[in-house]
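Listed below are the residues making up each chain.
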Amino acid sequence: MVVTKILQFICYTSLGFFVSLSLKAAVLDDDRADVLYHSYEGGGMKIDGPAVLLRKKTSESLAVSAYYYVDTISSASVDVLSNASPYSEERVEGQLGVEYLHDKTTMALTVRQSDEDDYLAKSFNVDVSHDTFGDLTNLNLGFAFSDNEIRRNGDDLFQEQSQQYRMRAGISQIITKDLSLSLNLETVADEGYLNNPYRTVRYIDTSVPAGVGYQSEIYPNTRNSFSTKLSASYYLPYRAALFFHYRYFSDSWDINANDFEINYRHPFGKALELELKIRYYQQSKASFYSDLFPYIDSQNFLARDKELSDFNDLTLGVGITYTIPQQFSISDWRSEASLQWDYITFNYNDFRDPTAEGNIGEEPLYGFSANVIRAFVSVYF
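Residues numbered from 1 in each chain as written. Predicted model: local features only at pLDDT ≥ 70, side-chain atom pairs only at ≥ 80, totals over all residues. Heavy atoms only, no water.

Student: I tried to follow the pattern of salt bridges on my own but got confused; where do I start?
Tutor: Two side chains that carry opposite charge are able to pair once their charged atoms sit near each other. Overall, the coordinates contain 25 salt bridges when judged by the stated rule. For the salt bridge of D31 with K56, the shortest nitrogen-to-oxygen distance reads 3.3 Å. Within this pair, whereas D31 is found in the loop between α1 (5–15) and β1 (32–42), its partner K56 is found in strand β2 (residues 45–59), the two being separated by 25 residues in sequence. Owing to a relative accessible area of 8%, D31 belongs among the buried residues under this scheme. (Salt bridge = Lys/Arg side-chain N within 4 Å of Asp/Glu carboxyl O. Helix = DSSP H or I, 4+ residues; strand = E, 2+ residues; numbered from the N terminus. Buried < 20%, exposed > 50% of the residue type's maximum accessible area, 1.4 Å probe, protein only.)

Student: Help me understand the packing of aromatic side chains in this model?
Tutor: What characterises a pair of aromatic rings is the spacing of the ring centres plus the angle enclosed by the ring planes. Applying the stated criterion across every chain, the model contains 20 aromatic pairs. Pairing F145 with Y165 gives two aromatic rings, centres 5.0 Å apart and planes at 45 degrees, and the pair type is tilted. Separated by 20 residues along the polypeptide, F145 in strand β7 (residues 137–152) and Y165 in strand β8 (residues 155–174) bring together distant segments of the chain. Note on Y165: relative accessible area 34%, which makes it partly exposed. (Phe/Tyr/Trp six-rings, centres within 6.5 Å; stacked < 30°, edge-to-face > 60°.)

Student: Any chance you could explain the side chain of S114 here in plain terms?
Tutor: Within the fold, S114 resides in strand β5 (residues 105–115). S114 sits in the buried class, given a relative accessible area of 3%. Engagement of the side chain of S114 in a polar contact is seen with the side chain of R91, the distance being 2.7 Å. Once you skip the residues sitting within four places of it in the chain, S114 turns out to touch R91, V92, E93, Y119, L120 and A121. (Polar contact = N/O pair within 3.5 Å; in protein donor to acceptor, adjacent residues only side chain to side chain. Contact = heavy atoms within 4.5 Å.)

Student: What is the right way to read the environment of Y246 from this model?
Tutor: On the secondary structure map, Y246 appears in strand β13 (residues 241–251). Overall, Y246 belongs to the partly exposed group, its relative accessible area being 23%. Distance in space between the C-alpha atoms of Y246 and D135 is 25 Å, their sequence separation being 111 residues. Sequence-distant contacts of Y246, defined by excluding residues within four places in its chain, comprise T228, K229, L230, N258, D259 and F260. Polar side-chain contacts of Y246 include one of 2.5 Å to the side chain of N258.

Student: Where do I start with the side chain of R32 in this structure?
Tutor: On the secondary structure map, R32 appears in strand β1. With relative accessibility at 14%, the residue R32 sits in the buried group.

Student: What is the right way to read the nonpolar core from this model?
Tutor: Within soluble globular proteins, side chains that are nonpolar tend to cluster in buried spots. Grouped together as the largest cluster of nonpolar side chains are 25 residues, with contacts concentrated most on Y40, A286, F288, L308, F346, Y348 and F368. When residues of this core are traced back to their parent elements, those giving at least two are β2, β17 (334–352) and β18 (365–380). Counting residues in hydrophobic clusters, the runner-up holds 6 residues, among them L36, L53, Y69 and F376. (Core = buried A, V, L, I, M, F, W, Y, C linked by side-chain atoms within 4.5 Å.)

Student: I tried to follow the pairing of β7 on my own but got confused; where do I start?
Tutor: In regular strands, side chains alternate between the two faces of the sheet. With 14 bridges connecting them, strand β6 (residues 119–132) and β7 associate as antiparallel partners. Within the sheet, the bridge partner assigned to H130 lies in β7 and is L139. Examined bridge by bridge, β7 and β8 share 16 bridges and lie antiparallel to one another. Within β8, the position partnered with R151 by the bridge is Q159. Between the end of β7 and the start of β8, which pair antiparallel, lie 2 residues, with G154 showing a positive phi angle near 90 degrees. (Pairing = 2+ DSSP bridges.)

Student: Can you help me understand the environment of I171 in this one?
Tutor: Secondary-structure assignment places I171 in strand β8. With 190 residues separating them in the primary sequence, I171 and G361 have C-alpha atoms 47 Å apart. In this structure, I171 is in contact with T137, N138, L139, N140, L181, S182 and L183, ignoring residues within four places of it in sequence.

Student: Please clarify how unusual backbone geometry should be interpreted in this entry.
Tutor: Glycine aside, the phi torsion of most residues is negative, and most peptide linkages are trans. Not every positive phi belongs to a glycine, and F133 is a case in point at roughly 50 degrees. Counting through the fold element by element, F133 comes out in the loop between β6 and β7. Its relative accessible area of 65% is what places F133 among the exposed residues. Located in the positive-phi region is D254, a residue other than glycine, with phi close to 70 degrees. Here D254 lies in the loop between β13 and β14 (256–268).

Here is the structure:
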């Protein structure tokens, strides 16, 4: 199945704990190995699987990394049940990366491939980071390109392409010994086949007993988006830390979104750290989205993907990180074990549940909750 926003959320929040190349300072990160299990369950969809990361410095100026990531996906979501049968599939992703440090500049290159039965994505990322002004300021630039091949199961003649170009820039500044701020900008250009080949829209059709007809979605062939993210971290006197993030997003499909997140981390002794999180996300709908169209081909572009609708979600999260005692670690290497749990509620303001009872276009508004679990062990050597 074509990767959904939910699947992307799992990929980046799960792997974000240890995969991303952190270009924060002119010192390469420690060698490390990580093993992760992640699970998402909600809205009739279940996604879970393992991931493995290995990162090794070959010298003080060069490091290489690799990870392997597997998703097992089964779905009986409201989109699927309304006009298709439940399905299951597997997605495999691999990435290779290299980092090079010269003086106060870090350069990183990563290549990635993600493969499903009907979706193949290949991409590369280039990032450059530079410390300046006495290492109090960090500047970073990045570029990414992705080339995607989209197919449709059961239709050997269907094959489409899409490409994505992503550019980003950021600045991080240490304000005081306790306060740091960062500002990141990102622009994305998508082109090609951008919709899901399985998804349909519904429209009023009085010629059939059910009173509703279905036709395939039709999206524009381009999408341009821009986002701004402001982050702040404040270290409290009793070794705890408070983090704040705000992100604004807008695109050429008339979607505008706001994302607020607050994290609090509190240590207990030298071995245990507790993390609490709250996040709120809200977006407006795409200009060509509708839950129910008045008739067939009523617009040039048609969408009923609930992720393009007017909706909001609230995330409450808790995490525990435990530093494993040295006597129980491999070769006395520093080791950590972490468990993260997020509870998310989704509320859709103009997407109705077609599987519920009610007149066409008057069914209850859809909403659901989801649980996300991430458990992993990190070994630094």
